[in-house]
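# Structural characterization, general
Spelled out, the chains give:
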Amino acid sequence: MDGEILPNLCRKVYLSYHHLSLLKRPRQIVGFFKSIGVEFVSGKKEKGKQEKQRWVLTVVCLSFGLSVVMSLVTSVFVESAGLFVALISLIVLVMIGIVTDVTGTAVTSASDQPFIAMASKRIAGAKQALRLIRKAERVSSLLNDVVGDIVGIISGSAGAVIAVYLTRFGLQSTISSMLTTAFTSAFMIGGKAYGKGIAIEKSAEIVLYVGKIMAVFERKGGSKGKKPKKPKKQA
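Quick caveat, the model's predicted, so the values are computed rather than measured.

Reading guide: rules and limits
- Along each chain, residues carry numbers from 1 onward, in the same order as the chain's sequence is written.
- Local features in a predicted model are, by the rule used here, given only for residues with pLDDT of at least 70; side-chain atom pairs are given and counted only at 80 or more, and totals for whole chains, interfaces and linings are based on all residues.
- For side-chain calculations, the full set of non-hydrogen atoms in the structure is used, while hydrogens and water are omitted.
- Among the buried residues, those of types Ala, Val, Leu, Ile, Met, Phe, Trp, Tyr and Cys that are joined through side-chain atoms within 4.5 Å form a nonpolar core.
- With a 1.4 Å probe rolled over the protein chains alone, any residue whose accessible area is under 20% of its type maximum counts as buried; one over 50% counts as exposed, and the rest are partly exposed.
- The secondary structure listing takes helices from DSSP runs of H or I that are at least 4 residues long and strands from runs of E that are at least 2 residues long, numbered from the N terminus.
- By definition, residues are in contact when any of their heavy atoms lie within 4.5 Å.
- Within this scheme a cavity is a closed region of a 1 Å grid, computed over the protein atoms alone, that accommodates a 1.4 Å probe without allowing it to escape, whereas a pocket is open but has protein on both sides within 12 Å along at least five of seven lines; lining residues each have an atom within 4 Å of a point.
- Grid points are joined across faces, edges and corners, and a volume is the space filled by probe spheres set on the points.
- Here the nonpolar group is Ala, Val, Leu, Ile, Met, Phe, Trp, Tyr, Cys and Pro; Asp, Glu, Lys and Arg are the charged ones; every other residue, Gly included, is treated as polar.
- Without a salt bridge and with relative accessible area above 30%, a residue can belong to a patch; like charges are then joined within 9 Å and nonpolar side chains (Val, Leu, Ile, Met, Phe, Trp, Tyr) within 5 Å.
- Only the protein chains shown count as cover for residues, and all accessible areas are computed by the Shrake-Rupley method using a 1.4 Å probe.
- Any Lys or Arg side-chain nitrogen located within 4 Å of an Asp or Glu carboxyl oxygen qualifies as a salt bridge.
- Think of a polar contact as two N or O atoms within 3.5 Å of one another; within protein, one of them needs to be a possible hydrogen donor and the other a possible acceptor, and neighboring residues in sequence only count if both atoms come from side chains.
- Convention adopted: a line fitted to C-alpha atoms gives each axis, helices being fitted over their contacting stretch, and angles between N-to-C directions are expressed from 0 to 180 degrees.
- Angle categories: roughly parallel below 35 degrees, roughly antiparallel above 145, roughly perpendicular from 65 to 115, and oblique for all the rest.
- Crossing handedness is defined as follows: a turn of the near helix away from the far one that is anticlockwise and smaller than a right angle gives a left-handed crossing, while the clockwise case is right-handed.

### With respect to the nonpolar core
- If you look at the biggest cluster of nonpolar residues, it comprises 30 residues, and the most contacted ones within it are Val 107, Phe 115 and Val 207.
- Here the element with the most residues in this core is helix H7 (residues 136–168); it accounts for 10 residues.
- Every residue in contact with Val 107, bar those within four places of it in the chain, is listed here: Leu 132, Ile 133, Ala 136, Val 139 and Val 207.

### Here we look at the layout of surface pockets
- Estimated volume of the largest pocket: approximately 210 Å³.
- If you trace the largest pocket, you find it lined by Leu 87, Leu 90, Ile 91, Val 94, Met 95, Ile 162, Leu 166, Leu 179, Thr 180, Phe 183, Thr 184 and Phe 187.
- Those elements that provide at least two residues to the lining of the largest pocket are helix H4 (83–109), H7 and helix H8 (173–201).
- Along the lines of polarity and charge, the residues of the lining of the largest pocket split into 10 nonpolar, 2 polar and no charged.
- When its volume is computed, the second largest pocket comes out at roughly 150 Å³.
- Together, Thr 100, Thr 103, Leu 132, Val 139, Leu 143, Val 210, Ile 213 and Met 214 line the second largest pocket.
- Of all the elements, helix H9 (residues 203–225) adds the most residues to the lining of the second largest pocket, at 3 residues.

### What to know about a nonpolar patch on the surface
- Together, Phe 84, Ile 88, Ile 91, Val 92, Met 95, Ile 96 and Val 99 make up an exposed nonpolar region whose accessible area comes to about 650 Å².
- Taking relative accessible area as the criterion, Val 99 reaches 46% and is therefore assigned partly exposed.

### Quick word on the side chain of Thr 184
- Structurally, the position occupied by Thr 184 is in helix H8.
- Look at Thr 184 and you get buried, because its relative accessible area is 10%.
- Side-chain polar atoms of Thr 184 contact the backbone oxygen of Thr 180, separated by 2.7 Å.

### Observations concerning the pattern of salt bridges
- The final tally for this structure, using the stated rule, is 2 salt bridges.
- We note a salt bridge from Asp 101 to Lys 196, for which the minimum N-O separation is 3.2 Å. One end of the pair, Asp 101, is in helix H4; the other, Lys 196, is in helix H8, with 95 residues separating them in the sequence.
- For Asp 101, a relative accessible area of 6% puts it in the buried group.
- For Lys 196, a relative accessible area of 35% gives the class partly exposed.
- For Glu 218, the salt bridge identified is with Arg 131, shortest N-O distance 2.8 Å. One end of the pair, Glu 218, is in helix H9; the other, Arg 131, is in helix H6 (residues 126–134), and 87 residues separate them in sequence.

### Topic: the side chain of Gln 128
- Tracing the backbone shows Gln 128 in helix H6.
- The buried category is assigned to Gln 128, whose relative accessible area is 11%.
- Not counting residues up to four positions away in its chain, the partners in contact with Gln 128 are Gly 211, Met 214, Ala 215 and Glu 218.

### Some remarks on the packing of H4 against H7
- Between H4 and H7, the least distance of the axes is 8 Å, while the angle of their chain directions is 165°. Considering their axes alone, H4 and H7 lie roughly antiparallel with respect to each other. When the axes of H4 and H7 are compared, the crossing they make is left-handed.
- Taken together, the residues of the contact of H4 with H7 break down into 16 nonpolar, 10 polar and 1 charged.

In structure tokens, the structure reads:
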């Protein structure tokens, strides 16, 4: 009609054509949706997130189970035994804490390059060591955090039992508990501090040794699972 002002549709038509043309270019489609606030989650990221959540749940359940079992063993066995058995149990617990801490540190600081060459040459324990290094985060979390913390708590319980025995010999309860706690902490912390230097310097040797131990257990487990082959009948 004469005198009627029509809206300018050129810009809208151009924008619509521009957005439709993006459908032919997948990378620009992703960039366009990101520009308007749409986030994309890849399948790999979602799978990795689920694996982390499962690992955290596994660590929590494993920590609970190990704590219950080791606390029961310590409370029943150590309290019913004498002072000598309590001392031996405390030393064993401290040594377990030091060994696991050294192993976890060695796994995180070792490089996988020498073990790839060893695995190609079929050296015993190389494949297992390579598996440990590629899962270094989980191995370190299990050995350094889970086992280390549990052993530290239970060694404190064993030290409390020793303190009770010392009070029976006439020593004051405050002094006996203070001495046992101080000696336990000193040996645990000092042993871990000394072991970390060895773990970093000789990480490859330590990881390979652990891999050989794993290979022995895997070999035994595999031989038990395999059924013996039946001899072929002769015609």
